[in-house]
Amino acid sequence: MSTPSATPATPNARMTLTMICATMAGAIPLVTLVLWFVLAADDGIGEFPAGWPPLVVLAAAAGAYTVCEFAGFRTPPLEYSNRPAAEVATESWRRFTASTFTRFAVCEAVFLLSVTLSFVAGSYWITLIGAALALPLFFWEAWPSDRNIRRFAAALEAKGTPSYLTGPYQDSVRP
């Protein structure tokens, strides 16, 4: 006989990961605002910089997108075992969380590069470009959305073992 689990771990894990991601994403606008006082306080936003710094940031964003799309959702598939569904779900969420942090780091690297180049070029525009590229990239690639959960679940379930990332699980109960 099979009964639904009373409190599956997945909704709590998703909610926790979403709160952590929201906090991490909030750092980008905050740092952008702080850098306004460092780079743009004297002459305002200034002229758009000519030359290579904006192109480097754009190339970094394209590279980050490529890495996240083609490598960010790869993981070894789950092996079949007799473990309870709750343990499998916990392992799946642990692996998804680790992958999310890795993809976030790749997306944030675009912003951090733009901050460095802002000081090299002496232009606040570079920081704005980095933030404008890094935030949507983060929300597309690293936010724990249904799209990203389904993509990672597909990689985990490649050998046919359910990961329980996309829905509740049921535990077997024997009388």
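The sections below set out a description of the structure shown in this document. (Residues numbered from 1 in each chain as written. Predicted model: local features only at pLDDT ≥ 70, side-chain atom pairs only at ≥ 80, totals over all residues. Heavy atoms only, no water.)

Turning next to unusual backbone geometry. Positive phi is not limited to glycine here, since Tyr164 has a value of about 65°. Residue position: Tyr164 is located in the loop between α5 (146-156) and β2 (170-172). Residue classification places Tyr164 among the partly exposed positions, given a relative accessible area of 21%. (Helix = DSSP H or I, 4+ residues; strand = E, 2+ residues; numbered from the N terminus. Buried < 20%, exposed > 50% of the residue type's maximum accessible area, 1.4 Å probe, protein only.)

A few words on the environment of Ser118. Relative to the elements of secondary structure, Ser118 occurs in helix α3 (residues 85-121). Taking the C-alpha atoms as reference points, Ser118 and Pro53, separated by 65 residues in sequence, lie 8.0 Å from one another.

Direction vectors running N to C along helix α2 (residues 52-70) and α3 enclose 175°, while the axes themselves pass 9 Å from each other. By the angle between their axes, α2 is roughly antiparallel relative to α3. Facing α2, whose interface residues are Trp52, Pro53, Val56, Val57, Ala60, Ala61, Ala64, Val67 and Cys68, α3 presents Arg103, Val106, Cys107, Val110, Leu113, Ser114, Leu117, Val120 and Ala121. Looking at the contact of α2 with α3, its residues break down into 16 nonpolar, one polar and one charged. (Axes fitted to C-alpha atoms, helices over the stretch in contact; angles between N-to-C directions. Parallel < 35°, antiparallel > 145°, perpendicular 65-115°, else oblique. Contact = heavy atoms within 4.5 Å. Nonpolar A, V, L, I, M, F, W, Y, C, P; charged D, E, K, R; others polar.)

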